[in-house]
Amino acid sequence: IQERKLHVPLVDRSYAASEPPPITVAVVGPPGVGKSTLIRSLVKHYTRHVLSEVRGPVTIVSGKNRRLTFVECPNTLDGMLDIGKSADLVLLLIDGSFGFEMETFEFLNILQAHGFPKILG
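This text gives an overview of the structure that appears in the document. (Residues numbered from 1 in each chain as written. Predicted model: local features only at pLDDT ≥ 70, side-chain atom pairs only at ≥ 80, totals over all residues. Heavy atoms only, no water.)

1. A short note on the packing of helix H2 (residues 77-86) against helix H3 (residues 102-113)
A packed helix pair is summarised by two numbers, namely the angle formed by the two axes and the spacing between the axes. For the pair H2 and H3, interaxial distance at closest approach is 9 Å and the crossing angle is 35 degrees. Considering the relative orientation of H2 and H3, their crossing is right-handed. Counting all contacts with H2, which are made through Leu77, Met80, Leu81, Ile83 and Gly84, the residues of H3 involved are Glu103, Glu106, Phe107, Ile110 and Leu111. (Axes fitted to C-alpha atoms, helices over the stretch in contact; angles between N-to-C directions. Helix = DSSP H or I, 4+ residues; strand = E, 2+ residues; numbered from the N terminus. Left-handed = near helix turned anticlockwise from the far one by under 90°. Contact = heavy atoms within 4.5 Å.)

Quick look at the structure:
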């Protein structure tokens with residue numbers, strides 16, 4: 001039996017340093033407003049895969065040279081501080097039947113103190 005020579009592709013690591021880091025998108029809001037549902041639907045839109053549960057940051061490829069990292073922010077002051085310092089874009093979800101909560105105003109004050117990334121509400 002003759003076996004064909006296996007082709008092992010060479011890895012080009014020269015582009016790795018020039019590739020920009022992923023854009024960090026933080027999804028923030030009170031419990032029960034649909035943060036996980038929004039992340040799952042965005043992952044399904046970009047990748048056509050169904051994500052059953054959001055565990056930690058989720059990085060997807062959205063273009064040739066663009067990656068997005070979705071992070072769900074916990075509703076604690078420590079989590080809000082960490083996200084406020086590191087996020088490039090914040091998606092702020094608000095419960096329409098309840099309105100703004102005190103934690104939402106605290107998070108906006110944290111963002112103002114740390115340079116205010118772009119916020120979509």
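Text resumes after the structure shown.
2. Comments concerning helix H1 (residues 35-47)
Between the first and last C-alpha of H1 there are 18 Å, a value that for 13 residues agrees with the 18 Å anticipated at 1.5 Å per step. For H1, every residue scored as buried is listed here: Lys35, Ile39 and Val43. Looking straight down H1, one finds its buried side chains confined to an arc of 70 degrees; they lie on one side. Looking at the residues trailing H1, positive phi occurs at Arg48, about 65 degrees. (Expected span 1.5 Å × (residues − 1). Buried < 20%, exposed > 50% of the residue type's maximum accessible area, 1.4 Å probe, protein only. Arc of directions from axis to C-beta.)

3. Brief notes about empty space enclosed by the protein
Within this structure, the stated rule accounts for one cavity of 30 Å³ or more. In terms of lining residues, the largest cavity is bounded by Val28, Gly29, Pro30, Asn75, Met80, Leu92, Glu101, Glu103, Thr104 and Phe107. Here the lining of the largest cavity takes three residues from H3, the largest share from any one element. Its residues assigned to classes, the lining of the largest cavity shows five nonpolar, three polar and two charged. (1 Å grid on protein atoms, 1.4 Å probe; cavity = no way out; pocket = protein on both sides within 12 Å on 5 of 7 lines; lining within 4 Å. Points joined across faces, edges and corners; volume = space filled by probe spheres on them. Nonpolar A, V, L, I, M, F, W, Y, C, P; charged D, E, K, R; others polar.)

4. A closer look at the pairing of strand S2 (residues 58-61)
Only one face of S2 is buried: it carries Val58 and Ile60, and the other face, with Thr59 and Val61, is open. Sheet topology note: the S2/strand S3 (residues 67-72) ladder contains four bridges and is antiparallel. Among the inter-strand pairings, Val58 is bridged to a residue of S3, identified as Phe70. Hairpin connection from S2 to S3: five residues lie between these consecutive antiparallel strands. (Pairing = 2+ DSSP bridges.)

5. Some thoughts on the packing of aromatic side chains
For the coordinates displayed, the defined rule picks out one aromatic pair. Here Phe100 and Phe105 contribute two aromatic rings whose centre-to-centre distance is 5.4 Å and whose plane-to-plane angle is 35 degrees, an arrangement assigned as tilted. On the basis of relative accessibility, which here comes to 42%, the residue Phe105 falls in the partly exposed class. (Phe/Tyr/Trp six-rings, centres within 6.5 Å; stacked < 30°, edge-to-face > 60°.)

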